[in-house]
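# Observations on the three-dimensional arrangement
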Amino acid sequence: MCGIVGYVGYREAYPVLVKGLHRLEYRGYDSAGVALICNDGGLNVYKSKGKVAELERYAETQDVSGTIGIAHTRWATHGEPNDVNAHPHFSESERLAIIHNGIVENYALLKAALIENGYTFKSCTDTEVLVQLIEYVQTTNNCTLLEAVQMALRQVVGAYAIAIIEKGDPDRIIAARKSSPLVVGLGNDEYFLASDATPIVEYTNKVVYINDGEIAVIERHKPLRVVTLDNEESTLDVKKLRMSISQLEKGGYPHFMLKEIFEQPKTIVDCIRGRINVEADNVILSGVIDNRERFLRAKRIIIVACGTSWHAALIGEYLIEEWCRIPVEVEYASEFRYRNPVISPDDIVIAISQSGETADTLAAVELAKSRGAFIFGICNVVGSSIPRATDSGAYIHVGPEIGVASTKAFTGQVTVLTMLALTLARAKGSIEQPLYLQMLGELVRLPDLLEDVLRLNARIEDLSKIFTYTKNFLYLGRGYNYPAALEGALKLKEISYIHAEGYPAAEMKHGPIALIDSEIPVVVIATTDSIYEKTVSNIQEIKARGGKVLAIVTSGDQTVRNIADYVLEVPTVAEPLSPIVSAIPLQLLAYYIAVNKGRDVDQPRNLAKSVTVE
Ligand code: G6P
């Protein structure tokens, strides 16, 4: 959470910084701020509660000149979202300004010591403690800013990506990272700094990802230097970005979320490209093939993830157990990392994360690694922390996902999990050839099927109006579509703030059935599959109690049409791939209900796209 941006070069820094903040707003939007060193060496800080647009309004009347600066968009952890707690934070003498993404765990201890030494605090943030500590160390040791940062950070427990500028030094930004992402863009005689590459890509495609424990010394007219806390020089590994600027814009859609829902036929093509060879009847996920022996030795697979990625993981469990006959456990990363799980070197741990930065998932990876498991990552953001911490992996290649509610990443994750299960099943010889070929064919057909599903758009927009003022929803599904029901409920909660629960349809009678009345709509995924009849019975149970049913059915279905109140028809697809198809009408339903309610769809309250704190 929180997005940080920095610039030093020949351009006016403020427009670059503000544009960068807009790109990073998905990481948090409680407050925004900027620090600039103006031409006479003065250090100006402007900040404001609310979104970046508020900061821009406020800054209209301020002096925002200067060719060096840092900026921040906040997702509040310590201290309520207000102007005072907004970053950047000044040090006591107002000589240093800092921005920070992460959490300083021992901030209370450090703060008490600083107060004893006469320091005063304006905000409730852990970040202000950091900048005060750095100033204190610099003053008492009479050292350079870099040395002070190195010494101060050795005392800090927690996670950080920070950037600091110093009054009177219009040429230098010092930035450091531990467990929170940081990337430096290398332009021609200019540098960019950000939490991810999205603010950088329109200026340069050359970047250096800063590693944990490293400090970047970014100086005007000088080569970039990266050193460790112990002042050892690191070798620069310059990477080339493959992202394009059009991927970061709405392209005519009113919201990123709608754009991303509509991109899915194409993102599935990108996801399977080069991995399915129709002529050779082959699915090849190289991350699995390259580690064939290791995968074949696996006695168990554990999948760790959070949020939407956890729902994809549940589908992965069904796929892998069905085709590979390897036991799979799915864990919330946040629980896994804190409960002393049994992990053996024969286990494979799959970490699923769109951002590749989720703190709990990353910590789960580190834990599993320390116990000798082989780690496979399924991520979207190239070069992010999780893929860099894993032994092997597969990117989902769905392009930047900006809407806070995940859509195309979910279908990409399930597609990769399908390819992983097929690759492994074939390597193990645990899948019959006709079934393997059928699934391969279904994967290839998937983009066209998704185009068909998207034709439901207008109908769902109409239907959504019925539910604008509904207070509670229930989502039911069975088998592969149980996780899809969970995901549908999550989408609605996230962006419309309507309470929604996802449940396995058969479990309804063990509790949620008590909720059924004419007020609560029940969305049932009732596509034609091996347990279709059972799902139909569940719908009957709801109708018998006066409930309203919106059913997702397979095209041509008459049985459910006769009993449900509303139906949405989706094309026929093999059962294991059906959650990918059913997810889309549920995404659209949540989207339109949220729009009808006037919600901020792309940036729902209290959420952030990438949760880089515990
Ligand atoms: C946040 C986002 C969710 C996302 C979850 C996991 O809660 O709002 O949309 O599913 O994090 O994120 P990851 O990047 O690890 O998939």
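First, a word on what this report is: a plain description of the structure on this page. Predicted model only: the values in this text are computed from it and were never measured. (Residues numbered from 1 in each chain as written. Predicted model: local features only at pLDDT ≥ 70, side-chain atom pairs only at ≥ 80, totals over all residues. Heavy atoms only, no water.)

## A look at the sheet that holds strand E5 (residues 89-90)
Applicable threshold: Only strands that DSSP links by at least two bridges are regarded as paired with each other. Helical segments are the DSSP runs of H or I of at least four residues, strand segments are the runs of E of at least two, and each set is numbered from the N terminus. Any two residues whose heavy atoms approach within 4.5 Å at even a single point are treated as in contact. Only C-alpha atoms enter the line fits that serve as axes; for helices the fit covers just the stretch in contact. Angles between N-to-C directions range over 0 to 180 degrees.
Spatially, the six strands line up as an open sheet ordered E5-E6-E7-E8-E12-E13, and their pairing is antiparallel. The outermost strands of the open sheet, each flanked by one partner alone, are E5 and strand E13 (225-228). Of the pairings in the sheet, the one linking strand E6 (residues 96-104) to strand E7 (residues 158-166) comprises nine bridges and is antiparallel in character. Residue pairing across strands places Val 104 opposite Gly 158, the latter belonging to E7. Each of E5, E6 and E7 touches helix H4 (residues 126-141); the most contacted strand, E6, lies at about 125° to it.

## Focus on the sheet that holds strand E4 (residues 68-74)
Across the sheet, eight strands lie side by side as E3-E2-E4-E1-E10-E9-E11-E14; this open sheet has antiparallel pairing. Looking at strand neighbours, the two that pair on one side only are strand E3 (43-49) and strand E14 (238-240), the edges of this open sheet. Averaged over all adjacent pairs, the angle separating strand axes in this sheet is 20°, with direction ignored.

## Topic: the pairing of strand E12 (residues 214-219)
Test applied: The classification of residues rests on relative accessible area computed with a 1.4 Å probe and restricted to protein chains. Under 20% of the type maximum is buried, over 50% is exposed, and intermediate values are partly exposed.
For E12, a buried count of six out of six residues is recorded, marking the element as mostly surrounded by other parts of the structure. Covered by surrounding structure in E12 are Glu 214, Ala 216 and Ile 218 together with Ile 215, Val 217 and Glu 219, the residues of both alternating faces. The pairing of strand E8 (residues 172-178) with E12 spans six bridges and is classified as antiparallel. Bridged to Ala 176 within E12 is Ile 215. Strand direction decides the pairing type here: E12 and E13, joined by four bridges, are antiparallel. Bridge pairing in E13 links Ala 216 to Val 226.

## Focus on the site of the ligand
Rule in force here: Nearness is judged by heavy atoms alone; a residue qualifies as near a molecule or strand once a single heavy atom is within 4 Å of it. By the criterion applied in these results, polar contacts are pairs of N or O atoms within 3.5 Å in which, for protein atoms, one can donate a hydrogen and the other can accept it, and in which residues neighboring in sequence qualify only through two side-chain atoms. Note on areas: Shrake-Rupley, 1.4 Å probe, and residue coverage restricted to the protein chains presented here.
Near the ligand there are 14 residues, and of these Ser 309, Ser 353, Gln 354, Ser 355 and Thr 358 occur at the shortest range. One nitrogen or oxygen atom from the main chain of Gln 354 is found 2.7 Å from an oxygen atom belonging to the ligand. Contact distances for the ligand include 3.4 Å between an oxygen atom and a backbone N or O atom of Val 404. Relative to its free-state accessible area of 390 Å², the ligand is covered by the protein chains to the extent of 90%.

## Here we look at the packing of aromatic side chains
Stated precisely, the cut-off is as follows: Two rings belonging to Phe, Tyr or Trp (six-membered ring only in the last case) form a pair when the distance between their centres is within 6.5 Å. Interplanar angles under 30 degrees mark stacking, angles over 60 mark edge-to-face geometry, and anything in between is tilted. Whether a charge sits over a ring depends on NZ of Lys or CZ of Arg being within 6 Å of the ring centre and within 35 degrees of the ring normal.
Applying the stated criterion across every chain, the model contains 13 aromatic pairs. With a centroid separation of 6.3 Å and an interplanar angle of 65°, the aromatic rings of Tyr 46 and Tyr 58 are classed as edge-to-face. Of this pair, Tyr 46 sits in strand E3 while Tyr 58 sits in helix H2 (residues 52-59), and the two are twelve residues apart along the sequence. Given the relative accessible area of 8%, Tyr 46 is considered buried. Judged by centre distance (5.4 Å) and plane angle (65°), the rings of Phe 467 and Phe 473 are edge-to-face. Taking the relative accessible area as the measure of exposure, Phe 467 reaches 3% and is therefore buried. Looking at Phe 473, the relative accessible area reads 1%, which means it is buried. An aromatic cluster of three or more residues is present, and its members are Phe 467, Phe 473, Tyr 475 and Tyr 566. Its end group placed over the ring of Phe 121, Lys 111 keeps NZ or CZ at 5.0 Å from the ring centre.

## A closer look at the nonpolar core
Definition in use: Among the buried residues, those of types Ala, Val, Leu, Ile, Met, Phe, Trp, Tyr and Cys that are joined through side-chain atoms within 4.5 Å form a nonpolar core. In this document the domain limits rely on a domain assignment from an automatic tool or a database.
One finds Ile 350 and Tyr 475 to be the most contacted residues of the largest nonpolar core, which totals 96 residues. Per-element accounting of this core gives the leading share, twelve residues, to helix H20 (residues 578-596). Viewed by domain, this core spans two of them, domain 2 (250-449) and domain 3 (457-596), each represented by three or more residues. Not counting chain neighbours up to four residues away, the residues in contact with Ile 350 comprise Ile 301, Ile 302, Ile 303, Val 304, Ile 320, Phe 376, Ile 378 and Leu 420.

## Remarks on the pairing of E7
Most of E7 sits inside the fold, with nine of its nine residues counted as buried. Taking every second residue as pointing to the same face, both faces of E7 are buried, with Gly 158, Tyr 160, Ile 162, Ile 164 and Glu 166 on one and Ala 159, Ala 161, Ala 163 and Ile 165 on the other. When E7 meets E8, the two strands line up antiparallel, connected through four bridges. Its bridge partner being in E8, Ala 161 is matched across the sheet by Arg 177. Here E7 folds back onto E8, and the loop between the two strands holds five residues, one of which, Gly 168, carries a positive phi near 85°.

## As for the state of the cysteines
Any covalent bond linking the sulfur atoms of two cysteines counts as a disulfide. Worth spelling out the cut-off: Cysteine sulfur atoms that pair up within 2.5 Å are treated as a disulfide.
For the structure shown, the criterion picks out zero disulfides. Of all cysteine sulfurs in the structure, the one in Cys 2 sits closest to Cys 124, which takes part in no disulfide; the separation is 15 Å. Assessed through its relative accessible area of 45%, Cys 124 is described here as partly exposed. Unpaired in this structure, Cys 306 has its nearest cysteine sulfur neighbour in Cys 379, at a distance of 12 Å. A relative accessible area of 23% means that Cys 306 is categorised as partly exposed.

## Observations concerning H20
Basically, it comes down to this: For a helix, the expected span equals 1.5 Å multiplied by the residue count minus one.
The terminal C-alpha atoms of H20 lie 28 Å apart, and with 19 residues this matches the ideal 27 Å at 1.5 Å per residue to within 8%. Extensive coverage of H20 is indicated by the burial of 17 of its 19 residues. Gly 598, located one to two residues past H20, shows a positive phi value of around 75°.

## Remarks on H4
With 16 residues, H4 should cover 22 Å at 1.5 Å per step; its first-to-last C-alpha distance of 23 Å lies within 8% of that length. In terms of burial, H4 is largely enclosed, as twelve of its 16 residues are buried. For H4, the elements touching its buried residues are E5, E6, helix H3 (107-116), helix H5 (145-153) and E7.

## Focus on the side chain of Ser 582
In this fold, Ser 582 is placed in helix H20. Exposure remark for Ser 582: the relative accessible area of 1% places this residue in the buried category. Here Ser 578 takes part through its backbone oxygen, which lies 2.7 Å from a polar atom of the side chain of Ser 582. When near neighbours in sequence (up to four residues on either side) are disregarded, Ser 582 contacts Asn 481, Ile 525 and Ile 552.

## Examining the side chain of Asp 529
Our working definition: By the counting rule applied here, Lys and Arg register as positive and Asp and Glu as negative, while His and the ends of each chain are not counted. The working definition used for a salt bridge is a side-chain nitrogen of Lys or Arg within 4 Å of a carboxyl oxygen of Asp or Glu.
Mapped onto the elements, Asp 529 comes out in the loop between strand E24 (521-525) and helix H18 (532-544). Despite being buried, Asp 529 has no salt bridge partner; Arg 478 is the closest side chain of opposite charge, sitting 7.4 Å away. A distance of 2.9 Å separates the side chain of Asp 529 from the backbone nitrogen of Tyr 532, its partner in a polar contact. With near-sequence residues (within four places) excluded, Asp 529 lies in contact with Asn 481 and Glu 575.

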